[in-house]
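# Architecture and fold: a report
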Amino acid sequence: MSAPTAGRWDVIVVGAGFAGSLVARDLGARGWRVLVLEAGAGTPDDPGRERADALESFRTALAKVPNSPYPVSTAAPSPDILDLTGRPDGGFEADGYFVQRGPLPYASGYLRANGGTGLAWTGLAPRMHPEDFRAGDFGHGRNWPIGYQDLEPFYRAAERELGVAADADEQREAVGLPFPAGYRFPTRAIPRSHLDTVIAGALDGRQARDPAEQAPTTLRVVTTPHARNGRPHPERGPDDGPRPAAEGEVCRGHASCVPICPSGAKYTPLRTQARWSPSVSLVTRAVVSRLRIDGSGRVTGVEYLRHPADGGATGAAPCTAEADLVVLAAHAIENAKILLLSGAAAGSGQVGRNLMDHPVLLTWGLMPGQVGPYRGPGSTSGLEGFRFGPARARRAPFRIEIGNWGWTWALGPPDARVAELLRTGGPDGRGLFGPQLRRAAGDRIGREFAFQFELEQDADPANRITLDRAVRDPLGIPRPVLHYDLSDWVKRGIAAAKAVSDQLFALLGAEDRTSFAPGPGWPGRFEHEGRAYAYRAAGHGAGTHIMGDSPRTSVVDQWQRCWDHPNLYAVGCGSMPSVATSNPSLTMAALALRSAGRIHRDLLARHRPVPLRGPAELEGADRP
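Below is a summary of the structure that appears in this document. (Residues numbered from 1 in each chain as written. Predicted model: local features only at pLDDT ≥ 70, side-chain atom pairs only at ≥ 80, totals over all residues. Heavy atoms only, no water.)

Bringing the overall build of the protein into the picture now. Scanning the protein for helices and strands turns up 12 helices and 23 strands. Dimensions of the protein, computed from C-alpha atoms along their principal axes, come out at roughly 100 × 60 × 50 Å. Within the protein, residue pairs in contact and separated by at least 24 positions form 73% of the contacts whose partners lie at least 6 positions apart. Of note, the protein has its 71 positive side-chain charges centred 2 Å away from the centre of its 67 negative side-chain charges. (Helix = DSSP H or I, 4+ residues; strand = E, 2+ residues; numbered from the N terminus. Contact = heavy atoms within 4.5 Å. Lys, Arg positive; Asp, Glu negative; His and termini not counted. Charge placed at Lys NZ, Arg CZ, Asp CG, Glu CD.)

If you walk across this open sheet you meet the 3 strands as S5-S18-S17, and the pairing is mixed. Each edge of the open sheet carries a strand with a single partner, namely strand S5 (99-100) and strand S17 (464-472). As defined by bridge partners, S5 adjoins strand S18 (residues 478-483) across 2 bridges and the pair is classed as parallel. The partner of glutamine 100 across the bridge, within S18, is leucine 482. Helix-sheet contacts for helix H7 (residues 332-342) involve S17 and S18, and the interaxial angle to S17 is about 65 degrees. (Pairing = 2+ DSSP bridges. Axes fitted to C-alpha atoms, helices over the stretch in contact; angles between N-to-C directions.)

Along the polypeptide, serine 193 turns up in the loop between helix H4 (168-175) and helix H5 (194-203). Not counting chain neighbours up to four residues away, the residues in contact with serine 193 comprise Thr380 and Asn404.

Mapping methionine 356 onto the fold places it in the loop between H7 and strand S13 (359-366). A sequence separation of 218 residues divides methionine 356 from glycine 574, and the C-alpha atoms of the two residues are 8.8 Å apart. With sequence-adjacent residues up to four places away left out, methionine 356 is seen in contact with Tyr106, Gln457, Asp458, Ala459, His540, Gly541, Ala542, Gly543, Met576, Pro577, Ser578 and Val579.

Here the bond from valine 258 into proline 259 is cis, since omega is 20 degrees, no more than 30 degrees from zero. Tracing the backbone through its elements, the reader meets proline 259 in the loop between strand S8 (221-223) and helix H6 (269-273). Even without being a glycine, arginine 285 presents a positive backbone phi close to 55 degrees. Among the structural elements, arginine 285 can be located in the loop between strand S9 (280-283) and strand S10 (286-293).

Moving on to the pattern of salt bridges. Per the stated rule, a full pass over the model turns up 36 salt bridges. Across the pair glutamate 159 and arginine 127 runs a salt bridge whose closest N-O atoms are separated by 2.8 Å. With glutamate 159 in helix H3 (residues 148-162) and arginine 127 in the loop between S5 and H3, this residue pair connects regions lying 32 residues apart in the sequence. When sorted by exposure, glutamate 159 lands in the same class as arginine 127, which is buried. Of the charged contacts in the structure, one is a salt bridge between arginine 447 and aspartate 443, with a shortest N-O distance of 3.2 Å. A cluster of three or more residues bridged by salt bridges with shared partners is formed by Glu131, Asp132, Glu384, Arg387, Arg392, Arg399, Glu401 and Glu456. (Salt bridge = Lys/Arg side-chain N within 4 Å of Asp/Glu carboxyl O. Buried < 20%, exposed > 50% of the residue type's maximum accessible area, 1.4 Å probe, protein only.)

The next thing to look at is the pairing of strand S1 (residues 9-14). Burial of S1 is extensive: 6 of the 6 residues sit out of reach of the surface. Judged from the 5 bridges that link them, S1 and strand S12 (residues 317-328) form a sheet pairing that is parallel. Looking at the pairing, valine 13 lines up with valine 327 of S12. Relative to strand S2 (residues 34-37), S1 is paired through 4 bridges, and the arrangement is parallel. Looking at S2, one finds that valine 14 is bridged to leucine 37. One crossover worth recording links S1 to the parallel S2 by way of helix H1 (residues 18-29), and it is right-handed. (Right-handed = clockwise from strand over helix to strand, strands pointing away.)

Time to look at the packing of aromatic side chains. One pass over the full model with this rule turns up 23 aromatic pairs. Pairing phenylalanine 179 with phenylalanine 185 gives two aromatic rings, centres 5.6 Å apart and planes at 75 degrees, and the pair type is edge-to-face. If you follow lysine 64 out to its NZ or CZ, it ends over the ring of phenylalanine 58, 5.6 Å from the centre. Sitting over the ring of tryptophan 522, arginine 536 keeps its end group 3.8 Å from the ring centre. (Phe/Tyr/Trp six-rings, centres within 6.5 Å; stacked < 30°, edge-to-face > 60°. Lys NZ or Arg CZ within 6 Å of the ring centre and 35° of its normal.)

The next subject is the packing of H5 against helix H11 (residues 488-508). As a packed pair, H5 and H11 sit with axes 9 Å apart at the nearest point and diverge in direction by 90 degrees. Regarding the angle of H5 to H11, the classification is roughly perpendicular. Judged by residue contacts, Ile199, Ala202 and Leu203 of H5 engage Leu504, Leu507 and Leu508 from H11. Looking at the contact of H5 with H11 residue by residue, the classes come out as 6 nonpolar, no polar and no charged. (Parallel < 35°, antiparallel > 145°, perpendicular 65-115°, else oblique. Nonpolar A, V, L, I, M, F, W, Y, C, P; charged D, E, K, R; others polar.)

With that settled, consider the side chain of threonine 272. Examined against the element boundaries, threonine 272 turns out to sit in helix H6. Judged by its relative accessible area of 0%, threonine 272 falls in the buried class. Non-local contacts of threonine 272, meaning those with residues more than four positions away in its chain, are made with Ser21, Leu22, Arg25, Glu161 and Tyr267.

Quick look at the structure:
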């Protein structure tokens with residue numbers, strides 16, 4: 001990576017997160033001059049010091065949420081899950097970067113910083129299933145213009161880049177994923193947690209009945225692919241990526257890796273940035289406010305505001321940059337915001353529409369015995385049997401993660417349960433102290449566990465981002481206005497997931513403590529067919545510049561290139577026509593690498609000398 005210099009660039013990449021970092025690395029390696037503009041702060045020059053600072057910020061944070069390790073920027077604010085709260089009588093209130101005007105809250109945040117949300121992600125990296133690319137065939141959502149086999153080579157490239165740890169044989173057999181013969185992931189699978197083993201012992205081979213499916217589903221606990229360093233294979237293979245340099249870089253089972261991995265085993269985009277070529281330049285604290293578009297529809301550059309290093313908005317300087325090609329890689333919502341601010345890619349009327357996420361149903365309880373929670377990554381295994389098949393025509397499919405962090409996501413860390421025991425934990429309603437408190441806390445907390453049901457959400461044009469020019473951020477840029485809701489299909493999926501959860505608890509002999517009482521902890525509470533449910537959000541925003549096979553119905557083509565602008569790409573989850581049930585980051589990375597190859601070919605075509613034609617090739621000339 002080099003310092004930026006004035007002049008025209010081959011490519012401007014807006015956003016230094018997952019997709020932007022990958023596209024910049026690929027194009028830089030091919031020799032193109034790339035300028036990366038990142039709205040947030042941060043630098044890849046000293047990642048060790050930055051991680052140490054972030055760890056200290058996280059350690060001292062009162063609320064340990066995904067954004068808490070990272071500096072708050074006034075000029076480039078990030079939406080935070082703490083922006084939402086539930087009302088005592090139901091409904092929700094929002095007070096943050098987003099302006100929320102829908103019936104239900106869009107409950108995911110993201111991070112505007114160098115590395116983006118990739119600094120705080122879960123590190124789970126499953127592939128989508130071939131069936132997931134045909135969501136429209138089941139009557140809900142859209143089909144992709146490409147299939148699994150089109151993306152398969154780029155899945156392998158992304159797994160090398162991210163250093164994915166998984167067992168190909170298990171993924172092939174238990175999930176039904178096609179792999180080339182002999183393929184293996186870069187490192188061995190992350191080991192199961194003790195909780196995984198206990199649950200597998202109770203559930204493997206048993207059955208649960210989905211209300212939307214006639215036949216029961218046979219249960220099997222399957223390890224989940226992770227983008228964190230597992231133990232290396234004994235021998236190097238042809239598809240191996242970079243190997244952990246030391247034992248300390250292998251996952252050591254820290255339970256704070258969302259948002260930050262103390263050992264550095266989890267992939268973040270800073271790892272890719274460390275391998276950028278000198279032809280890639282990064283400018284942080286650069287908030288893009290508009291695309292420059294000429295009369296022919298070609299994008300000529302961007303306008304941005306460079307804000308001061310103190311994170312404030314006062315004194316932000318207007319700047320411009322020019323390039324042959326522009327790539328928006330700033331997150332699904334930020335990409336849509338920039339397109340809307342610029343009046344760009346408007347031909348289909350779909351910019352900002354089809355906003356999707358993974359609504360997550362949580363169920364939690366106490367196991368009969370000790371299961372050792374609050375150790376290791378947040379989830380290491382799951383149940384995959386409810387992702388596929390004809391039932392997805394009747395309700396949203398779901399994937400079940402086994403949560404290793406007890407009740408943290410549902411109710412917060414164990415501190416609150418210890419405080420409860422201190423107040424009223426005794427049999428007479430008085431508080432517990434000393435050895436009695438230790439025994440009670442150890443018994444209770446050591447048996448806590450949770451299931452996380454991650455549901456597909458269908459692409460609905462009514463779920464959308466718009467701009468209200470009366471509501472602006474500190475730089476004077478209109479803030480995103482969100483309208484969000486869950487379809488009946490998704491709500492039926494949540495109801496089916498709860499029915500399956502009830503059966504799992506019965507098979508485990510577990511005590512179910514799940515409750516969705518209205519109040520501040522459940523802004524996503526709703527009622528469906530007379531029962532109360534609530535959802536969290538997975539941070540998987542998607543669909544705002546949706547991909548398709550026609551400029552009449554989609555914003556980008558199969559290469560993530562805007563139909564209306566031949567030299568403008570919008571990459572990332574915003575292009576995805578469906579989100580299925582897999583965590584989307586690996587698919588986003590594969591799509592970004594596929595687009596980078598197409599961008600390279602576009603640039604070659606633009607810079608290739610026009611061949612001179614001989615007299616025999618002139619129009620109208622006689623050919624021999």
